[in-house]
Amino acid sequence: QGSAFYVQVERCFGVTDQVCSVRLEEAKYSRSSEELKVAIEDYFDGQLCVEVVDVPTLYALEVRVMPDAMHPRHGRKYVAQDAETCGGRLVFSKIQSRKWPKADHVIRQLQEFCRVSVRMTLWCKESKKVTAEGGSARDAINGTASIDCANGGRLRQPHATVLCTHSKGDLQEFHTNAEGEIEGLLFPGTHTLECELGSRFDRLMPDAIAVPARFSPLEVEVMASLKKPCTFAVFDHLNRPFSAFPLRLRPRDARDELQSLRVVTKVNGRGRVRLGRGVWVATYDAAEGEPQDAWPIRAIRTELEVQEAEVPQFFRLCVHRVRFTCEIMLHTRYQEPVALCPFVAKFAERGTSGRVVCRGVTTDIGLAACDLPAGRFTFRVEPSEDMAFVPQHFEVIVSDEGVFSPRDRMVETKTVDVTLQLVTPDGEAAPGCICSLAPQFGNGTASLSQEVPMRTDEGGLATATVSLLEPYVFRVRDMRAPEYMPQEFAFLTDRRTVTAVVARSVFGPICERQVVFVVDTSGSMGPYLSDVKAALNMTIARQFHQSNKRFNVVAATGCPTEFRPGGLVDCTPVNIEDAMRFCESMSAGGTSNILRAIAHVLRTLDFEAMYLVTDGKCDVGDEFLGQVKTHFLQHPGRPKIHPVGINCVPQRLTYRGLGALASMTHATFRRVCLQQDVSDPVGDLVAAQGGAAGGHAGLSLLDLAGAAAEGGTTTEEEAEDCRGGDDGLAE
């Protein structure tokens, strides 16, 4: 350890006079040893010396690595066992292997044994102290690189790659640690130091190191120079910046294509890149398979010299355009983009008419970009069958200065039959929904220039002829006895099927004459109770006012409370207003006991149908259904019980239980989705205080008829129907 070494070749010599052997040729031993000496010294660049020693041993030809202190020049030869005793290391022995030595095999053995420890420190210095990622010295302090102030502000370069290549081609790759240091093993010889291809470094100094034949660490400091920041400005012959220009840069003496770089200019025609010192060749970087006649410029080849000076360099390249970038914005009548639509541009002039110049697809914003030479062209929009656009063509003119027209173009859309699929919030079809469709701006196609009424079939489907990508208004109008809640929204589509969600009204049309409304007012109904009360008031006002029907209202909680105990009431104005006041007085609280309310109504009242409004947060299992069936069969009129389920999850226990209740009484299970109210304790307190101060305010049918049922709007004609012409009713 720490001492120099050399290679000793011991050859058989001077034994022919002592022994008689037909196989012994001393001349061959001499030639082989000399060939080994030349090969070893040449491979290790003279750093590993070879000494040939004659030994009087029959058939001997041995190669050893010996300490330099045992060299024959010191006056004594150490061979065979003496050499082993003095620290020599046998690499090859003809006596043991019974084979003549091969130079490459011996050299490989020497490479493995004679590796020397090398410690390299990689430094970098630049005027702006650019760090490993191109940041500032502050970034370096934070960990990108370390600054050694005692060494002139040089930067240690962590996590960098150094390629070490022996003169005979053996390559090793080393990586610096967090301190910018490398520890490795190299065999004697000359090793070239290079930067990794594509790294931020240009050169390393020194660019080569000589590793001596000595078993002691070799300390080497390497200074790396950063590549120079270079800016390329590309202008055309009209002195306009050339954006998105692909520039290929290659070193003039590049060995392969891997050493080249690609730069694409920005909108201002400039691109930035770091380059190593030397001469570079700039050319147009054509796409793979792109013929030269499709290039937007004439062929260029410009040599540029990146100088040794540290300051950044600026290069200006002037190219001659033969094609100009033309960007045409394609849109519909209502400024919707013609997105992802294929197009083609063809020559329109004589002699070249019909030849395709370029093809492409519009962007997401409907921009059709293509490179066209000066002349006249036919621009065709070629949408596929499933697209909303109509195929069409128009003329594009490009001047010698690159000015083109038109810059935007309107594309017509198809008029097709569109199927409207209406579903309820729980995903079921919405049959029998009376709705309408009209152009939003009143200038639609001839087939739909005004509002068109529609009614969905049993599958919730309706069909209308519309122009694609044009705005239409979909309406579900408010009615006297609405099946669905009124709503209105505007939409446009490029598809043949449109799905819309429509919500059922709470009660829908009521056909029976004698009706009892049972409302679950337990605590779980609190978020929905205001909507239920509004719906119940509107139903009474619209469907029962001035009719021959009779009704009653029951609030179902722990103890059921009737609007009018003992029976049903006629639809007089006084009864209707009193019923509406009763509805407004209902509040949520307590436990749910709808079984008790149903049993009470079935025992005490004579009616045709019961509308039971509940969220199902109660036991509606088999025991519940059995008890209801008992009371139902005891009623002489066998009335229908229509459950109205608020936000019941389909096919769950509550859903199935309410459905079974409706099926048992030959009624209809109505599934309704309502939004939960956000409680406002302060607002509720203020409203309660205001009501106490002002007394009990009466509810007027006139006020109610002017409002929308369950959040909708009411027309003047329907309000007149609701008032029925009775002026005394409002009083």
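Residues numbered from 1 in each chain as written. Predicted model: local features only at pLDDT ≥ 70, side-chain atom pairs only at ≥ 80, totals over all residues. Heavy atoms only, no water.

Undergrad: Give me the lowdown on the pattern of salt bridges, citing residues and values where you can.
TA: By the definition in use, this model includes 37 salt bridges. R11 is paired through a salt bridge with E34; the nearest N and O atoms lie 3.7 Å apart. Separated by 23 residues along the polypeptide, R11 in strand β1 (residues 5-12) and E34 in helix α1 (residues 26-43) bring together distant segments of the chain. Note on R11: relative accessible area 12%, which makes it buried. With a relative accessible area of 35%, E34 lands in the partly exposed category. One connected set of salt bridges, linked through shared partners, spans D202, R203, R277, E308 and E310. (Salt bridge = Lys/Arg side-chain N within 4 Å of Asp/Glu carboxyl O. Helix = DSSP H or I, 4+ residues; strand = E, 2+ residues; numbered from the N terminus. Buried < 20%, exposed > 50% of the residue type's maximum accessible area, 1.4 Å probe, protein only.)

Undergrad: Outline the packing of aromatic side chains, supporting the account with residue identities and numerical values.
TA: Taken as a whole and assessed by the stated rule, the structure comprises 24 aromatic pairs. Taking 5.5 Å as the distance between ring centres and 65 degrees as the angle between the ring planes, the aromatic pair formed by F544 and F551 counts as edge-to-face. F551 shares its class with F544; the two are buried. Here the aromatic residues F507, F517, F544, F551, F563, F582 and Y611 are joined through ring pairs into a cluster of three or more. Sitting above the plane of the F242 ring, R321 keeps its charged end 3.6 Å from the centroid. Its guanidinium or amino end placed over the ring of F544, K549 lies 5.1 Å from that ring's centre, counting from NZ or CZ. (Phe/Tyr/Trp six-rings, centres within 6.5 Å; stacked < 30°, edge-to-face > 60°. Lys NZ or Arg CZ within 6 Å of the ring centre and 35° of its normal.)

Undergrad: Hey, could you go over unusual backbone geometry for me, with residue numbers and the actual values?
TA: Going from M205 to P206, the amide bond is cis rather than trans, its omega being 0 degrees. Looking at the secondary structure, you find P206 in the loop between β12 (201-205) and β13 (208-211). The amide bond that connects S405 to the next residue, P406, takes the cis arrangement and shows omega of 0 degrees. Position of P406 among the secondary structure elements: in the loop between β28 (404-405) and β29 (408-410). The residue D45 is not glycine, and still its phi comes out positive at about 55 degrees. In this fold, D45 is placed in the loop between α1 and β2 (50-55). The exposure class of D45 is partly exposed, given its relative accessible area of 26%. Phi angles above zero are rare outside glycine, and R638 is one such case at about 45 degrees. Within the secondary structure, R638 sits in the loop between α9 (622-634) and β42 (640-646).

Undergrad: Go over the packing of helix α8 (residues 594-604) against α9, please, and point to the residues and values.
TA: Running from N to C, α8 and α9 point in directions that differ by 10 degrees, and their axes come no closer than 9 Å. When the interaxial angle is binned, α8 and α9 end up roughly parallel. Together, I594, L595, I598, A599, L602 and R603 of α8 and F624, Q627, V628, H631 and F632 of α9 make up the contact between the two elements. For the contact of α8 with α9, the class distribution of residues is eight nonpolar, two polar and one charged. (Axes fitted to C-alpha atoms, helices over the stretch in contact; angles between N-to-C directions. Parallel < 35°, antiparallel > 145°, perpendicular 65-115°, else oblique. Contact = heavy atoms within 4.5 Å. Nonpolar A, V, L, I, M, F, W, Y, C, P; charged D, E, K, R; others polar.)

Undergrad: A description of the sheet that holds strand β20 (residues 301-306) should follow, citing residues and the corresponding values.
TA: Reading across from one edge, β17-β16-β19-β20 is the order of the four strands in this open sheet, with antiparallel pairing throughout. Edge strands, defined here as strands with exactly one partner in the open sheet, are β17 (261-264) and β20. Between one strand axis and the next, the sheet turns through 30 degrees on average, direction left out of account. (Pairing = 2+ DSSP bridges.)

Undergrad: Can you break down the packing of helix α6 (residues 526-544) against helix α7 (residues 573-585) residue by residue, with the values?
TA: Remark: α6 packs on α7, axes separated minimally by 9 Å, with the N-to-C direction vectors making an angle of 170 degrees. Overall, the two elements α6 and α7 adopt an arrangement that is roughly antiparallel. Along its contact with α6, which presents K533, L536, N537, I540 and F544, the element α7 presents I576, A579, M580, C583 and E584. Classifying every residue of the contact of α6 with α7 by side-chain character gives seven nonpolar, one polar and two charged.

Undergrad: I'd like a rundown of the pairing of β13, residues and numbers included.
TA: Side chains I209 and V211 of β13 all project onto a buried face; the interleaved residues A208 and A210 project onto a face where none is buried. As defined by bridge partners, strand β11 (residues 189-195) adjoins β13 across four bridges and the pair is classed as antiparallel. Considered in β13, the bridge of T190 is made with A210.

Undergrad: Kindly report on the side chain of T557, identifying the contributing residues and their values.
TA: In this structure, T557 sits in the loop between β38 (550-556) and β39 (561-562). Of note is the side chain of T557, whose polar atom sits 3.1 Å from the backbone oxygen of G589. Only 3.4 Å separates the side chain of T557 from the backbone oxygen of T591, close enough to count as a polar contact. The contacts of T557, once residues within four sequence positions are left out, are T521, G589, G590, T591 and N593. (Polar contact = N/O pair within 3.5 Å; in protein donor to acceptor, adjacent residues only side chain to side chain.)

Undergrad: Please set out the sheet that holds strand β15 (residues 228-236) residue by residue, giving values where relevant.
TA: The three strands lie next to each other as β18-β15-β21, forming an open sheet whose pairing is mixed. If you trace the sheet from one side to the other, it starts and ends with β18 (270-275) and β21 (313-319), each paired once. When the angles between neighbouring strand axes are averaged without regard to direction, this sheet yields 25 degrees. Sheet topology note: the β15/β18 ladder contains six bridges and is antiparallel. Considered in β18, the bridge of K228 is made with L275.

Any functional reading would require information that these geometric values do not contain.
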